[in-house]
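Results of the structural survey
As a plain string of letters, each chain reads:
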2 protein chains.
Amino acid sequence: MPADLLADYRAYLDCLNRRAWDELPRFVHEGVEHNGRAFGVAGYRGMLERDVEQIPDLRFDVEMLVGDASTVAARLKFDCRPKGTFLGLDVGGRRVCFVEHAFYAFEHGLIRTVWSVIDREAIAAQIG
Amino acid sequence: MPADLLADYRAYLDCLNRRAWDELPRFVHEGVEHNGRAFGVAGYRGMLERDVEQIPDLRFDVEMLVGDASTVAARLKFDCRPKGTFLGLDVGGRRVCFVEHAFYAFEHGLIRTVWSVIDREAIAAQIG
């Protein structure tokens, strides 16, 4: 049921935006993989916690969203101020706007595999 | 009808892989935009022709595909040998593998808006 999966996905983003890490197992499969790395929920949580440490005002906003019975694809927009180095770029607290295009394969209603590409070039262009 | 849109999208990729540029108006809206640039079909064709000039063995392969009534999202895989500089990187004929995550908004069954992010960092890592 795609509608449910999209609702689940939006609830997942809301969980991230609330930093409600303890709720992650409601959305993320215990065997979750991210860009080919087998994180597990604990590792996935660690990645998100590091992201938020680097970018305290990180907020996940959906610009485009499409899904079927087992897959969700999202174009996410970010408007934030990474504190120091982000993706190897010395952002140093400047405001940057960029997108992430992410695909999520679900298993039993949980995010099992994530493939994500961030538009790093846009950030590089903004910090000169 | 999502199934039709996905079939149309696969036919569009087949058109690109055959370099059948004259067929583009069957798939691409005359007002097509790509990453915020209003190309039109002629400009879009020009972009594709330049891509193929830079990458003669360019081939669009779908790894993940999801769609609804008006949107398609695709994770595309490339395994090719760009001749010279590609995305500002001096590839110089070396074989590189990378992905593109693209979202397509359709209008009247034609591709109207494309938002694409290419994993440029993967290419940079492969050419050292």
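To start, this report covers the structure provided alongside it. (Residues numbered from 1 in each chain as written. Chains lettered and ligands numbered in written order. Predicted model: local features only at pLDDT ≥ 70, side-chain atom pairs only at ≥ 80, totals over all residues. Heavy atoms only, no water.)

Here is a general trend for soluble globular proteins: nonpolar side chains tend to be buried in one another's company. Grouped together as the largest cluster of nonpolar side chains are 39 residues, with contacts concentrated most on Tyr9, Tyr12, Leu24, Tyr44 and Tyr104 of chain B. Counting residues per element, this core draws most heavily on helix α1 (residues 2–17) of chain B, which supplies six residues. Setting aside chain neighbours within four positions, we find Tyr44 of chain B in contact with Tyr12, Val28, Val32, His34, Phe39 and Val114 of chain B. Core analysis: the second largest hydrophobic core is formed by 38 residues, Val41, Leu48, Val52 and Val91 of chain A among them. (Core = buried A, V, L, I, M, F, W, Y, C linked by side-chain atoms within 4.5 Å. Buried < 20%, exposed > 50% of the residue type's maximum accessible area, 1.4 Å probe, protein only. Helix = DSSP H or I, 4+ residues; strand = E, 2+ residues; numbered from the N terminus. Contact = heavy atoms within 4.5 Å.)

Another aspect to go through is the environment of Asn35 of chain B. Residues and elements named next belong to chain B. Tracing the chain through its elements places Asn35 in the loop between β1 (28–34) and β2 (37–38). Residues Asn35 and Arg59, 24 residues apart in the sequence, show an inter-C-alpha distance of 21 Å. Not counting chain neighbours up to four residues away, the residues in contact with Asn35 comprise Val114, Trp115 and Ser116.

This next bit is on the environment of Asp90 of chain B. Residue and element names in this part refer to chain B. Inspection of the secondary structure assignment puts Asp90 in strand β6 (residues 89–90). For Asp90, a relative accessible area of 53% puts it in the exposed group. Those residues in contact with Asp90 that lie beyond four places of it in its chain are Gly84, Thr85 and Ile127.

Let us now look at the side chain of His101 of chain B. Here His101 of chain B lies in strand β7 (residues 96–107). For His101 of chain B, a relative accessible area of 0% translates into the label buried. At 2.8 Å, the side chain of His101 of chain B and the backbone oxygen of His101 of chain A are in polar contact. (Polar contact = N/O pair within 3.5 Å; in protein donor to acceptor, adjacent residues only side chain to side chain.)

This brings us to the relation of the copies chain B and chain A. Of the two same-sequence chains, chain B is brought onto chain A (RMSD 0.0 Å, axial shift 0.0 Å) by a rotation of 180 degrees. In the structure described here, the two chain copies are related by an operation that fits a two-fold rotation axis. An overlap of 100% is found between the interface residues of chain B and their copies at the interface of chain A, pointing to a shared contact surface. (Least-squares fit on C-alpha atoms with pLDDT ≥ 70 in both.)

Attention shifts here to the interface of chain B and chain A. Listed as interface residues are 21 residues of chain B and, on the opposing side, 21 residues of chain A. Both sides of the chain B and chain A interface together cover about 1,700 Å² of buried area, and 77% of this is carbon and sulfur. At the boundary of chain B with chain A, the tally comes to two salt bridges. Put simply, Glu121 of chain B and Arg120 of chain A hold a salt bridge, and the shortest N to O gap is 3.2 Å. Counting across the chain B and chain A interface gives three residue pairs in polar contact (both at pLDDT 80 or more). For the side of chain B that touches chain A, the elements supplying multiple residues, two or more each, are β3 (61–67), β4 (71–80), β7, β8 (110–118) and α3 (120–126) of chain B. Examining the composition of the side of chain B that touches chain A, we find that five residues originate from one element, β7 of chain B, more than from any other. Tallied by class, residues from the side of chain B that touches chain A come to twelve nonpolar, four polar and five charged. (Buried area = accessible area lost by both parts, 1.4 Å probe. Salt bridge = Lys/Arg side-chain N within 4 Å of Asp/Glu carboxyl O. Nonpolar A, V, L, I, M, F, W, Y, C, P; charged D, E, K, R; others polar.)

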